[in-house]
Amino acid sequence: MKISYNWLKEYIDTDLAPQDLADVLTMLGLETEGKPEKVGGIEGNLEGVVVGEVLSADQHPNADKLRVCQVEIGAEAPLAIVCGAPNVAAGQKVPVATIGTTLYPIESDQPFKIKKGKIRGEVSMGMICAEDELGLGHNHDGIMVLDANLQPGTPFNQVVELDEDYVIEIDLTPNRIDAASHYGVARDLAAFWGKKARLPEITLKEENLSGKNPIPVTIKAPDKCTRYSSLYISGVTVAESPEWLKNRLMAIGLRPRNNVVDITNYVLHELGQPMHAFDADQLEGGEIIVRTLDKDQKFVTLDEEERQLKAGSDLLICDASQPRCIAGTMGGMNSSVTTATQNIFLESAHFDAGTVRKQAKRLAINSDSSYRFERGADPNMTTTAAMRAASLIVELCGGTVSEMSDIKLSDFPPYEIALSIKRTNNIIGHDFGKDRIIEILRSLEIEISEDNDGDSLYLKVPPYRVDVQRPQDVMEEILRIYGYNNVDPAERLTQTLVLQPYQDANRLRQHYSDYLSANGYFEILNNSLVNKNLGDEKAIHILNPLSEELEVMRQSLLPGFLEVVRHNQNRQMENLALYEFGKTYWKGENGYEEKQWLSMLVSGMEHEMHWRGKPEKVSLYTLTKEVERMQVWFGIEGKLKESEHAEYAYGLSLEVKGNEVLHYGQVKVDLCEAYDLKNEAFFMTVDWQRLVKLYFQQQPKFQPIPIYPSIRRDISMMVDESVSFSEIRDVIQRANPKLIRSIELHDVYKGKNIAEGKKSYLVSIVLRDDKKTLQDKAADKIVERIYGSLTNQLAVEIRK
């Protein structure tokens, strides 16, 4: 949200420089972004231009249209300046650009510098300027003639109004909608400085007032519209806005349209109350009805977009026959104010936040009005804002104003809160004293309804402070106005020791994320919305998608990974190790469902090229190693078995206590080709919710470090496609359960040089005796036994 420095000073007095004021706002919780931006004014600030007095203006000896002037500028001697303006004359006070001054003419993009020179043989030591040459306007009929009382030598930028301003951009949090206006910001500053913010002046006079409002209002949706204030203004002249109004709006990023529309926008950013002006002569039946539709209908809004209105939910401002405005969101083309408009119906209402938010999001409208209504506008500002807008309309557009029509379906009571002073001091860590707390609360316009001279204060918080509804909210306000920097740190810090382990799933996720990152993996974060082609019959479709590429909620994390791989390999980054914590979404039997996953993908080489050794391609074993590390990290024990998934050419899964915790495999070649991937990709999906549950259920077990060495043996074998790795693992394990410590699958291969219906496995076995050193001969006997078991039981062909 943008705030004009000059505009803000109309509601509160301050001598602070723009940057200092921005620092104060940040300390108040209205955090500013960057430095205040200078707008308006004159480029160069007219430096080097001074007031001069023309002592004489004699005819140039060599040119009929030029004069040689002697000009006093407060220096040691007058300056000789050649001037071609027809209106130059002795005795005038004029703006003089001295030698070295850079001017920025309004009709040219090129600035020019004043130099000493000769014009038709006569020396010229400066320039007497016209309005356009100084950048002050478009007039070039002659030089500017100034007030005769000005002193020669006075800097010209002290004489003219440069209309210089600064724009402060505030990163407004959603709960602070009360500060979404210049008056709202001034109100916060007033509380901090112990001052009073000024409401703008309403200048309507008796001759500007007419009788009763001729357009009656009926509210047929009282749950969606709780207040509707309106005025009828007749006899207006719609035209271009004056410069001051256009400059104010342009400073905060708004485009001026016409004086009536600009005034409603001006009051919106002045007081925070959204308004809408209708061309009253376009309203059929001479009435306004606030209602929902009986059936769906199309409607063209002010941005000339045709939108589909939904029956029963969208709130409309209608006349006797058709909708004229989407309440609190955007007006319609069929009642917009144009230069032909003569009579205006001015709306200043209060709409339900939830209603406006839903219809604005569904219709993809993000207007200044919807921004304020959906966060909670001030219901008590409607009449004040309407009268302020009416006074400006009469001032700038003419016309007469009817009596106020104000339909109020609620009293909008304040939020009642009981505040304990002792608890406030304890939580904040500072002893304020009761009087100081009361002073701060009153500066925030919080009424103290009861003070029993004890510990408690009974408060009434105004309805515009939608963020202050609990004692903790009041404490935050007290601390904010008192100043965070003014609270001294405690002399000592105390901490309670937690004896029982705290089961924090978020902290566990962060720790494991750190672990993966430390081991060379990069975390990615993909959009939860994907192309509709990636969804099936259980896909959840977005009602108002931004595009076809973002139309359904993702059902798998794999497509996002493949997009990331393609993006990186197109930028010569082919060796990738990625992970993502994300959710998938689908339609279940009990409605919409979602689940948290951890997914990982590797592609390319395990390590970059290095002088120490030749890099190796990633394989299924790369992820198998990660599965083993994961079991150690989480303290779980599971069994690997073959698993079939649509996205894998070959896959494995890990089961713990009969439940699948994860699955992984090589991504199918055709799927990789669909994403134009150059290298093989291996993908793993972990049921994160189940894994976290297992982690918190398991009891830590102590296992001594082995003191005797291990022996590793690799077995290469050819097996039928129907034989699973889990069968092979079970046969190997039974050969010697005591000495076989681990069985790892290193590689799986099917294809060239392998007979049809067969596949090749490379399995690694680790043997160890915890009581003595295992000898090679004993290890060889176990391996021979394994060979025999595999051959006899599974018809395995050992490749030696």
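Each value, and the rule that gives it
As a convention, each chain's residues are numbered from 1 in the sequence order in which they are written. Note on the predicted model: pLDDT of at least 70 is required for a residue's local features to be given, and 80 or more for side-chain atom pairs to be given and counted; whole-chain, interface and lining totals, by contrast, use all residues. No hydrogens and no water enter the side-chain calculation; it runs on all heavy atoms of the structure. Nonpolar core, defined: a set of buried Ala, Val, Leu, Ile, Met, Phe, Trp, Tyr and Cys residues in which side-chain atoms within 4.5 Å join the residues together. Throughout, exposure labels follow a simple rule: accessible area from a 1.4 Å probe, protein chains only, divided by the maximum for the residue type, with under 20% read as buried, over 50% as exposed, and the rest as partly exposed. Every residue pair with non-hydrogen atoms within 4.5 Å of one another is taken to be in contact. Only strands that DSSP links by at least two bridges are regarded as paired with each other. Think of it this way: any DSSP run of H or I at least four residues long counts as a helix, any run of E at least two long counts as a strand, and we number them from the N terminus. Note on definitions: angles span 0 to 180 degrees between N-to-C directions of axes, and those axes are lines fitted to C-alpha atoms, for helices only across the stretch in contact. One speaks of a salt bridge when a side-chain nitrogen belonging to Lys or Arg is within 4 Å of a carboxyl oxygen belonging to Asp or Glu. For this classification, under 35 degrees means roughly parallel, over 145 means roughly antiparallel, 65 to 115 means roughly perpendicular, and everything else is oblique. Residue polarity is assigned by list, with Asp, Glu, Lys and Arg as charged and Ala, Val, Leu, Ile, Met, Phe, Trp, Tyr, Cys and Pro as nonpolar; anything else, Gly included, falls into the polar class. By definition, no residue in a patch forms a salt bridge, and every one has over 30% relative accessible area; like charges are joined within 9 Å, nonpolar side chains (Val, Leu, Ile, Met, Phe, Trp, Tyr) within 5 Å. Using a 1.4 Å probe, accessible areas were evaluated by the Shrake-Rupley method; residue-level cover was limited to the displayed protein chains.

A. Inspection of the nonpolar core at higher detail. Formed by 78 residues in total, the largest nonpolar core has its most connected members in Leu189 and Leu441. When residues no more than four places from it in sequence are discounted, the contact partners of Leu189 are Leu8, Ile12, Leu21, Val24, Leu25 and Leu28. Tyr521, Leu620, Leu623 and Val723 belong to the second largest nonpolar core, which has 60 residues in total.

B. Quick look at the sheet that holds strand S31 (residues 576-588). Pairing in this open sheet of seven strands is mixed, and the strands run S28-S31-S32-S36-S35-S34-S33 from one edge to the other. The open sheet has two free edges, formed respectively by strand S28 (522-523) and strand S33 (639-642), since each of these has just one partner strand. For S28 and S31, the ladder comprises two bridges, and the chain directions are parallel. Each residue of the ladder has a partner; that of Glu523, found in S31, is Tyr579. Set on the sheet, helix H12 (residues 505-518) makes contact with S28, S31 and strand S32 (591-603); between it and S31 the angle comes to about 140°. The strands that helix H17 (residues 725-735) touches are S33 and strand S34 (648-656); relative to S33, the one it contacts most, it runs at about 135°.

C. Structural context of the pattern of salt bridges. By the definition in use, this model includes 41 salt bridges. Here Lys246 makes a salt bridge to Glu243, at a shortest N to O gap of 3.3 Å. One end of the pair, Lys246, and the other, Glu243, are both in helix H4 (residues 243-251), three residues apart, so they sit about a helical turn from each other. A cluster of three or more residues bridged by salt bridges with shared partners is formed by Arg176, Asp178, Asp188, Arg465, Asp467, Glu477 and Arg480.

D. Quick peek at the packing of helix H14 (residues 620-634) against helix H16 (residues 688-697). The N-to-C vectors of H14 and H16 enclose an angle of 40°; their axes lie 10 Å apart at closest approach. Judged by the angle between their axes, H14 and H16 are oblique. Each of Met630, Trp633 and Phe634 in H14 lies in contact with H16, whose residues at this interface are Trp688, Leu691 and Tyr695. Here the residues of the contact of H14 with H16 sort into six nonpolar, no polar and no charged.

E. Region of interest: a nonpolar patch on the surface. A contiguous nonpolar surface patch, about 220 Å² in accessible area, is contributed by Val300, Leu302 and Met333. Relative to the helices and strands, Val300 resides in strand S17 (residues 297-300).

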